[in-house]
Amino acid sequence: MARRSKTNPMLTRVCTRLRNKKSLTWTAAKKIIPKKPGIYEYIEKRRNGTEDTRYIGRSNNLNRRLREHLQPARRRRQYANRKLQAIPLKNLRVKWFETKRPKKYEGNVISCYKNKFGDVPEFNKIRGTHK
């Protein structure tokens, strides 16, 4: 008899929370991003209307961290920041959810993404460390 794998309920809740959030344009989002801990996702909206997740991250201050990704001074040092800067702001979208334990849940969200699409988001890959 085949053994069925159990889905981790916490993992399902976390993934569903982010998946059900509506993505906002960067212009609209930057006005309402909370200064609280949480998980965030940068998304690129393509010309054909599809949306591709480019980066998933965590922060103890979502407002500060989401802005840092787009600051020119950080562009030189971090791969994901350089890549996000290359996306025109009109095509950049973001969504997030607040949680008191972002470090705990970030890996879960990336795992959900990997399970669904077979790989981690493109900008989460740094020098081939994720497979």
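The sections below set out a description of the structure shown in this document. This is a predicted model, so every value here is computed, not measured.

Conventions we followed
Residues numbered from 1 in each chain as written. Predicted model: local features only at pLDDT ≥ 70, side-chain atom pairs only at ≥ 80, totals over all residues. Heavy atoms only, no water. Helix = DSSP H or I, 4+ residues; strand = E, 2+ residues; numbered from the N terminus. Buried < 20%, exposed > 50% of the residue type's maximum accessible area, 1.4 Å probe, protein only. Contact = heavy atoms within 4.5 Å. Areas by Shrake-Rupley, 256 points an atom, 1.4 Å probe, with all protein chains shown as cover. Salt bridge = Lys/Arg side-chain N within 4 Å of Asp/Glu carboxyl O. Polar contact = N/O pair within 3.5 Å; in protein donor to acceptor, adjacent residues only side chain to side chain. Pairing = 2+ DSSP bridges. Patch = residues over 30% accessible without salt bridge, like charges linked within 9 Å, V, L, I, M, F, W, Y side chains within 5 Å. Lys, Arg positive; Asp, Glu negative; His and termini not counted. Charge placed at Lys NZ, Arg CZ, Asp CG, Glu CD.

## Section: the overall build of the protein
(1) Moving on: Within the protein, the regular secondary structure consists of six helices and four strands.
(2) Moving on: Ordered by position from the N terminus, the helices and strands of the protein form the series α-β-α-β-β-α-α-α-β-α.
(3) Moving on: Sorting the 131 residues of the protein into buried and exposed places 40% on the buried side.
(4) Moving on: Taking contacts inside the protein between residues at least 6 apart in sequence as the whole, the part at least 24 apart equals 66%.
(5) Moving on: Working note: accessible area of the protein is about 8,800 Å², and carbon and sulfur atoms make up 47% of it.

## Things to note about the pattern of salt bridges
(1) Moving on: Inspection of every chain in the model, using the stated rule, returns nine salt bridges.
(2) Moving on: Glu44 serves as the salt-bridge partner of Arg54, at 3.0 Å between the closest nitrogen and oxygen. Of this pair, Arg54 sits in strand S3 (residues 51-59) while Glu44 sits in strand S2 (residues 38-45), and the two are 10 residues apart along the sequence. Note on accessibility: Arg54 and Glu44 belong to one class, buried.
(3) Moving on: Put simply, Glu44, Arg46, Asp52, Arg54 and Glu122 are held in one network by salt bridges that share partners.

## Some thoughts on the side chain of Thr99
(1) Moving on: Turning to its location among the elements, Thr99 is positioned in the loop between strand S4 (92-98) and helix H6 (102-117).
(2) Moving on: At a separation of 3.3 Å, a polar atom in the side chain of Thr99 contacts the main-chain amide nitrogen of Arg101.
(3) Moving on: Those residues in contact with Thr99 that sit more than four places away from it in its chain are Pro37, Gly38, Ile39 and Tyr105.

## Considering the pairing of S2
(1) Moving on: Across the eight residues of S2, seven count as buried, placing the element largely inside the fold.
(2) Moving on: Pairing of S2 with S3 involves eight bridges; the strand directions are antiparallel. Paired with Tyr40 across the strands is Gly57, a residue of S3.
(3) Moving on: Counting the residues that bridge the hairpin from S2 to S3 gives five residues, and of these Gly49 lies at a positive phi of roughly 95 degrees.
(4) Moving on: Pairing between S2 and S4: seven bridges, direction antiparallel.

## Observations regarding a positive patch on the surface
(1) Moving on: Taken together, the side chains of Lys30, Lys31, Lys35 and Arg67 present a region of like positive charge at the surface.
(2) Moving on: Counting through the fold element by element, Arg67 comes out in helix H3 (residues 62-68).

## Quick word on the environment of Arg19
(1) Moving on: Secondary-structure assignment places Arg19 in helix H1 (residues 9-19).
(2) Moving on: Take Arg19: its relative accessible area is 47%, and that puts it in the partly exposed class.
(3) Moving on: With 76 residues separating them in the primary sequence, Arg19 and Lys95 have C-alpha atoms 9.0 Å apart.
(4) Moving on: The contacts of Arg19, once residues within four sequence positions are left out, are Lys95 and Lys116.

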